[in-house]
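Inside the fold
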Amino acid sequence: MLNQTLSGLVDLDRGDAALLTRQLYEQLRSAIADGRLRQGFRLPSSRVLAGQLDVSRNTVSAAIDQLGAEGYLDIARGRRPSIAAGLVPPPVADPAKAQAGATARQRLSGWARRIGRSNWPFQHEGAPRPFAPGLADGRAFPHDIWGRCLRRAARNARPRGGSACNRPALQQALARYLVEHRSVRTEPRQIIVTPSAQAAIELIARVTLEVGDVAWLESPGYGGARVALEAAGAHVTGVPLDRSGLDLAGRKDRPRLIFVTPSHQYPTGKLMPIDRRLELLRFSKSTGAVLIEDDYDSEFHYDGRPVASLQGLDGAGRVFYVGTFSKVMLADIRVGYAVVPESLIETFELAQRHTGQLVSATLQDALSEFMDDGAYAAHIRRMTRLYRARRDRLAQALTAETRGAFAIDLPAGGMQLLARCRQDDRLLCARLAEAGVTARPLSNHYIGKATERGLFLGFAAWTDQEIDNGANLIGRVVA
Ligand SMILES: Cc1ncc(COP(=O)(O)O)c(C=O)c1O
């Protein structure tokens, strides 16, 4: 017969004979932790307890030794083990709720509240399907070459210590690419490698903004940037666009930071011409505002020559340039980067380290090999041809299937297009979702009142057949 105090606390399942010690240890531990067994209570000796439980003495001794080692029991030679002093169980306000596993309401930080308030519409679009924007075609990706790079990098991995943030080989490969193709002004060491473009934007926001600073964002614009800027405490103002992009005319307010997507404005796809770029840089110089240039999918350019980066026009370290591998390679590769001014390298390395925004050295090494042996450039060339054809196909199919319901802006590059319409685009997207097509409403991208409506459609990841079927479904829904 089990000791009266222990009966009801210990109940071993003999069907699980191999784990009897584990069961006894866990049942006693939880009874001590929640106060059902209190300080001073003495267990029977291991011989007696083994007899009462009808298990071997070794089973009991092993459980008791473990509880002694973890501080739940005081064990002294020649004495029965007793519950250790000073173990105060956590107070339980409402035992019924505690039993049901209800979690206590936590007090949230200002940062968490700001993230929670952010009204960027993170739609739960489910599994990717046409025409989810921003997706590269994973089916056309050279998985074998990438796999070789990963394997080699993994084989050569050496312990490097926690301070190695940014691998020089990747910094050099990226710097060569950015200088040659985007006219970015950078030394390799200015490149900070992060787990995404979002992480890079978030680091820049934290490093440059104080709570209450004003930040400007294009409206319509990129909601991910809005969240990062607001989380850093900025008051985000949406700045309307004219035909050249961010419209600076007549603005009286003075921002600390301006976020722009000059290569393919997100979401309209427009290119910011050189005169507006120069105006923006003059404005930044006269006001002291820093600029974030998000060049998220500039690798894909279809018509005319790509325009050089804004960062490359600035010689004064006022522009932070941000890029990502998630568009050019694969969405879940999770590598992005920022080119930061020379004078801030150390600050960013510290910020990376202390917020843990680091990318695996093995992954960085694999990426630098992928770039160095030409696979990266070859992939961009192949995808540029493929995506250009898909852009044209979607525009044509949509025009044919919807008979003038949309005004389509053919973007000069990138991975998505905007089809403007007059109807309620949120409602239309909801109806399309039911019909099996993903589209994002243009109105969700405004800060404040939307002035135009339309569907934001990704074309890069979908085959001709998928594009035709999707356009046909859109045609039926708008008919
Ligand atoms: C404009 C823009 N910038 C940045 C990103 C984010 O890239 P990453 O996945 O590397 O955070 C996206 C992703 O959709 C984007 O559309």
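Predicted model, so just to flag it, every value in this text is computed and none were measured. (Residues numbered from 1 in each chain as written. Predicted model: local features only at pLDDT ≥ 70, side-chain atom pairs only at ≥ 80, totals over all residues. Heavy atoms only, no water.)

**Considering the environment of arginine 251**
The residue arginine 251 is located in the loop between β6 (245-246) and β7 (257-260) in this model. As for arginine 251 and alanine 33, which are separated by 218 residues in sequence, their C-alpha atoms are 63 Å apart. In this structure, arginine 251 is in contact with Trp216, Thr237, Val239 and Pro240, ignoring residues within four places of it in sequence. (Helix = DSSP H or I, 4+ residues; strand = E, 2+ residues; numbered from the N terminus. Contact = heavy atoms within 4.5 Å.)

**Focus: the pattern of salt bridges**
Between side chains of opposite charge, a pair can form as their charged atoms come close. A full pass over the atoms with the stated rule returns 21 salt bridges. Of the charged contacts, one joins arginine 393 and aspartate 464 as a salt bridge, the two residues approaching to 3.4 Å between their closest N and O atoms. Of the two residues, arginine 393 is situated in helix α14 (residues 375-402) and aspartate 464 in helix α16 (residues 464-478); the sequence distance between them amounts to 71 residues. In this structure, aspartate 468 and arginine 393 form a salt bridge, with 2.7 Å as the shortest nitrogen-oxygen distance. You can see aspartate 468 sitting in helix α16 and its partner arginine 393 sitting in helix α14, a full 75 residues away along the chain. Here the salt bridges do not stand alone but share partners, grouping Asp137, Arg139, Arg390 and Glu466 into one network. (Salt bridge = Lys/Arg side-chain N within 4 Å of Asp/Glu carboxyl O.)

**Concerning the layout of surface pockets**
Its volume calculated, the second largest pocket comes out at about 320 Å³. Counting residues per element, the ones that place at least two in the lining of the second largest pocket are α7 (168-182) and α14. Residues belonging to the lining of the second largest pocket are distributed by class as follows: 6 nonpolar, 5 polar and 5 charged. (1 Å grid on protein atoms, 1.4 Å probe; cavity = no way out; pocket = protein on both sides within 12 Å on 5 of 7 lines; lining within 4 Å. Points joined across faces, edges and corners; volume = space filled by probe spheres on them. Nonpolar A, V, L, I, M, F, W, Y, C, P; charged D, E, K, R; others polar.)

**Details of empty space enclosed by the protein**
Scanning the model with the defined rule gives 3 cavities of 30 Å³ or more in all. Taken as a whole, the largest cavity holds about 50 Å³ of empty space. Lining the largest cavity are 13 residues, with His264, Gln265, Gly269, Tyr296 and Gln416 positioned closest to its centre. Classifying every residue of the lining of the largest cavity gives 6 nonpolar, 6 polar and 1 charged. Built from parts of two domains, the lining of the largest cavity gets at least three residues from each of domain 2 (112-122 + 138-377) and domain 3 (384-478). (Domains from an automatic or database assignment.)

**Focus: the sheet that holds strand β12 (residues 416-421)**
Taken together, 4 strands build an open sheet; the order of strands is β11-β12-β14-β13 and the sheet is antiparallel. Either end of the sheet is taken by a strand with one partner, and the two such strands are β11 (407-409) and β13 (440-441). Relative to strand β14 (residues 453-458), β13 runs antiparallel, the two sharing 2 bridges. Counterpart to proline 441 in the pairing with β14 is leucine 455. (Pairing = 2+ DSSP bridges.)

**A word on the pairing of strand β10 (residues 336-339)**
The two faces of β10 match: Gly336 and Ala338 on one face and Tyr337 and Val339 on the other face are all buried. Two elements, strand β3 (residues 191-194) and β10, share 4 bridges in a ladder whose sense is antiparallel. When the bridges of β10 are listed, valine 193 appears paired with tyrosine 337. As paired strands, strand β9 (residues 319-324) and β10 are joined by 4 bridges and run antiparallel to one another. Considered in β10, the bridge of threonine 324 is made with glycine 336. (Buried < 20%, exposed > 50% of the residue type's maximum accessible area, 1.4 Å probe, protein only.)

**Observations concerning the nonpolar core**
Membership of the largest hydrophobic core comes to 64 residues, with the highest contact counts inside it found for Trp146, Phe325, Met329, Leu457 and Ile474. In terms of residue count, α14 provides more of this core than any other element does, 9 residues in total. Counting contributing residues per domain, this core is built from domain 2 (112-122 + 138-377) and domain 3 (384-478), each supplying no fewer than three. Formed by 28 residues, the second largest nonpolar core is a distinct cluster that contains Ile204, Ala225, Ala228 and Phe320. (Core = buried A, V, L, I, M, F, W, Y, C linked by side-chain atoms within 4.5 Å.)

**Some details on the domain arrangement of the chain**
Under the domain assignment used here, the chain contains domain 1 (14-83), domain 2 (112-122 + 138-377) and domain 3 (384-478). Taken together, the contact between domain 2 and domain 3 spans 26 residues of the former and 26 residues of the latter. Where domain 2 abuts domain 3, roughly 2200 Å² becomes buried across the two surfaces, and 57% of that area is made up of carbon and sulfur atoms. Among the residues domain 2 hides against domain 3, the three largest losses belong to Arg139, Pro267 and Tyr302. Together they make up 30% of the total. Here domain 2 is connected to domain 3 by 2 salt bridges. A salt bridge links aspartate 303 to arginine 391; its shortest N-O distance comes to 2.8 Å. Linking domain 2 with domain 3 are 11 residue pairs in polar contact (both at pLDDT 80 or more). (Buried area = accessible area lost by both parts, 1.4 Å probe. Polar contact = N/O pair within 3.5 Å; in protein donor to acceptor, adjacent residues only side chain to side chain.)

**Brief notes about the packing of helix α1 (residues 20-33) against helix α3 (residues 57-69)**
A pair of packed helices is captured by two measures, namely the crossing angle of their axes and the spacing between those axes. Close contact between α1 and α3 brings their axes to 8 Å; oriented N to C, the two are set at 45°. Accordingly, the angle class assigned to the pair α1 and α3 is oblique. The interaxial crossing formed by α1 with α3 has right-handed handedness. Across the interface between the two elements, Leu20, Thr21, Leu24, Tyr25, Leu28 and Arg29 from α1 touch Thr59, Val60, Ala62, Ala63, Gln66 and Leu67 from α3. Among the residues making up the contact of α1 with α3, the classes are represented as 8 nonpolar, 3 polar and 1 charged. (Axes fitted to C-alpha atoms, helices over the stretch in contact; angles between N-to-C directions. Parallel < 35°, antiparallel > 145°, perpendicular 65-115°, else oblique. Left-handed = near helix turned anticlockwise from the far one by under 90°.)

**Observations regarding the pairing of β7**
Here β7 shows a buried face lined by Leu257 and Phe259 and a second buried face lined by Ile258 and Val260. Judged from the 3 bridges that link them, strand β4 (residues 214-219) and β7 form a sheet pairing that is parallel. Its bridge partner lying in β7, alanine 215 is registered against leucine 257. When β7 meets strand β8 (residues 290-294), the two strands line up parallel, connected through 4 bridges. Following the sheet pairing, leucine 257 is matched in β8 by valine 290. Traced from β7 through helix α10 (residues 274-287) to β8, the parallel crossover comes out right-handed. (Right-handed = clockwise from strand over helix to strand, strands pointing away.)

**Observations concerning the site of the ligand**
Around the ligand sit Ser196, Ala197, Gln198, Tyr222, Tyr266, Asp294, Tyr296, Thr324, Ser326, Lys327 and Arg334, and that is every residue in its neighbourhood. The contact in question runs from a nitrogen atom of the ligand to an N or O atom on the side chain of aspartate 294, over 2.5 Å. Serine 326 is positioned such that a nitrogen or oxygen atom in its side chain is 3.1 Å from an oxygen atom of the ligand. Sorting the residues of the shell around the ligand by element identifies α8 (197-208) and α11 (325-328) as the ones contributing at least two each. For the shell around the ligand, the residue count by class is 4 nonpolar, 4 polar and 3 charged. (Near = heavy atom within 4 Å.)

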